[in-house]
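# Analysis of the macromolecular model
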Amino acid sequence: MQARVTLREALEAARRVGACAEALNEISRMADWDEFSRHRNAPYWAYWYARNVTKSRVPEIESIIAREAETACLYAVEVVRGRWPEAESIIATDPWCAYCYANLVLRGRWPEAEPVIAQAPEWAYCYALGVIGGRWPEAEPVIARNPQFAHEYARDVIRGPWPEAEVA
């Protein structure tokens, strides 16, 4: 990876803004950005660096951030502050991240991610309520199997009885 700053310079900048001592210690033992990029925590560390140190996009480390749905979503919401097409295929693999991205970034439906969101009762309920603003028939069978979210869906989305979800 080509970087504008060395790993040592980035580490010192992170130290100045209060990065976790344990993470700093672990990163300080790494030789370069290439070794950093192979670490299992690299996606979160790279996101944290962009959010807290540069406070802006860092194209050189975006491929690291985009390896995990959660860090990619956080980066899109908190750093990019908008759509990040290069990471959407990863974000769409996780129901919570896909819901958050649709709600906070797209501010509307995200058809490509709906099959994933629809498999998680909590996020399907939130998506129907906060993104669609009404019933979501494609997700109702999954929501109906979860008593808590079936109740909340009936109360907040349907705003009345939902016989299909009632337990005999």
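All values derive from a computational prediction rather than experimental measurement. (Residues numbered from 1 in each chain as written. Predicted model: local features only at pLDDT ≥ 70, side-chain atom pairs only at ≥ 80, totals over all residues. Heavy atoms only, no water.)

### Topic: the overall build of the chain
When helices and strands are tallied, the chain shows twelve helices and zero strands. Against the 2.2 N^0.38 benchmark of 15 Å for 168 residues, the chain shows a C-alpha radius of gyration of 20 Å, more extended than a compact globule. In terms of overall dimensions, the chain has a C-alpha envelope of 60 × 25 × 25 Å along the principal axes. Residues classed as buried in the chain amount to 49% of the 168 residues present. Put simply, the chain shows about 9,200 Å² of open surface, and 50% of that area lies on carbon and sulfur atoms. Averaging the locations of the 19 positively and 24 negatively charged side chains of the chain gives two centres separated by 5 Å. (Helix = DSSP H or I, 4+ residues; strand = E, 2+ residues; numbered from the N terminus. Rg over C-alpha atoms; globule rule 2.2 N^0.38 Å. Buried < 20%, exposed > 50% of the residue type's maximum accessible area, 1.4 Å probe, protein only. Areas by Shrake-Rupley, 256 points an atom, 1.4 Å probe, with all protein chains shown as cover. Lys, Arg positive; Asp, Glu negative; His and termini not counted. Charge placed at Lys NZ, Arg CZ, Asp CG, Glu CD.)

### Describing the pattern of salt bridges
Taken as a whole, this structure holds nine salt bridges when the rule is applied. Residue R15 pairs with E12 through a salt bridge whose shortest N-O separation is 3.3 Å. Highlighted residues: R15 and E12, both in helix α1 (residues 7-16), separated by three residues, approximately one helical turn. For D156, the salt bridge is made with R155, and the minimal N-O distance between the two is 2.7 Å. (Salt bridge = Lys/Arg side-chain N within 4 Å of Asp/Glu carboxyl O.)

### Overview of helix α8 (residues 95-106)
Within the span of α8, buried status applies to P95, C97, A98, Y99, C100, Y101, A102 and V105. Those residues of α8 that are buried are in contact with α6 (69-80), α7 (88-91), α9 (114-117) and α10 (121-132). Between the side-chain oxygen at the start of α8 and the backbone nitrogen of W96 there is a gap of 3.1 Å, and the oxygen is on D94. R107, located one to two residues past α8, shows a positive phi value of around 55°. (Contact = heavy atoms within 4.5 Å. Polar contact = N/O pair within 3.5 Å; in protein donor to acceptor, adjacent residues only side chain to side chain.)

### So, the packing of aromatic side chains
Inspection of every chain in the model, using the stated rule, returns ten aromatic pairs. Their ring planes at 45° and their centres at 4.9 Å tell us that Y101 and W110 sit as a pair that is tilted. On the basis of relative accessible area, Y101 is assigned to the buried category, the value being 0%. On the basis of relative accessibility, which here comes to 3%, the residue W110 falls in the buried class. Through successive ring pairs, a cluster of aromatic residues spans W33, F36 and W45. (Phe/Tyr/Trp six-rings, centres within 6.5 Å; stacked < 30°, edge-to-face > 60°.)

### Looking at the nonpolar core
The biggest cluster of nonpolar side chains holds 64 residues, and the ones touching the most others in it are F36, W84, W110, W136 and Y153. Beyond its immediate stretch of four places on either side in the chain, W84 contacts R57, E62, I65, A66, A72, Y75, A76 and Y101. (Core = buried A, V, L, I, M, F, W, Y, C linked by side-chain atoms within 4.5 Å.)

### Description of the layout of surface pockets
Any empty space left between atoms is shown by rolling a water-sized probe over those atoms. In this structure, the largest pocket spans a volume of roughly 240 Å³. Along the wall of the largest pocket there are 17 residues; nearest its centre are A14, A19, I27, W45 and W48. When residues of the lining of the largest pocket are traced back to their parent elements, those giving at least two are α1, α2 (21-28), α3 (33-38) and α4 (42-54). In terms of residue count, α4 provides more of the lining of the largest pocket than any other element does, five residues in total. For the lining of the largest pocket, the residue count by class is 17 nonpolar, no polar and no charged. (1 Å grid on protein atoms, 1.4 Å probe; cavity = no way out; pocket = protein on both sides within 12 Å on 5 of 7 lines; lining within 4 Å. Points joined across faces, edges and corners; volume = space filled by probe spheres on them. Nonpolar A, V, L, I, M, F, W, Y, C, P; charged D, E, K, R; others polar.)

### Focus: the environment of A50
Note that A50 resides in helix α4. The class of A50 is buried, set by a relative accessible area of 0%. Linking A50 and E166, residues 116 residues apart in sequence, is a C-alpha distance of 47 Å. When residues no more than four places from it in sequence are discounted, the contact partners of A50 are K55, S56, V58, Y75 and V79.

### Focus: the side chain of E114
Inspection of the secondary structure puts E114 in helix α9. Apart from the residues within four sequence positions on either side, E114 is in contact with R109, Y127 and W136.

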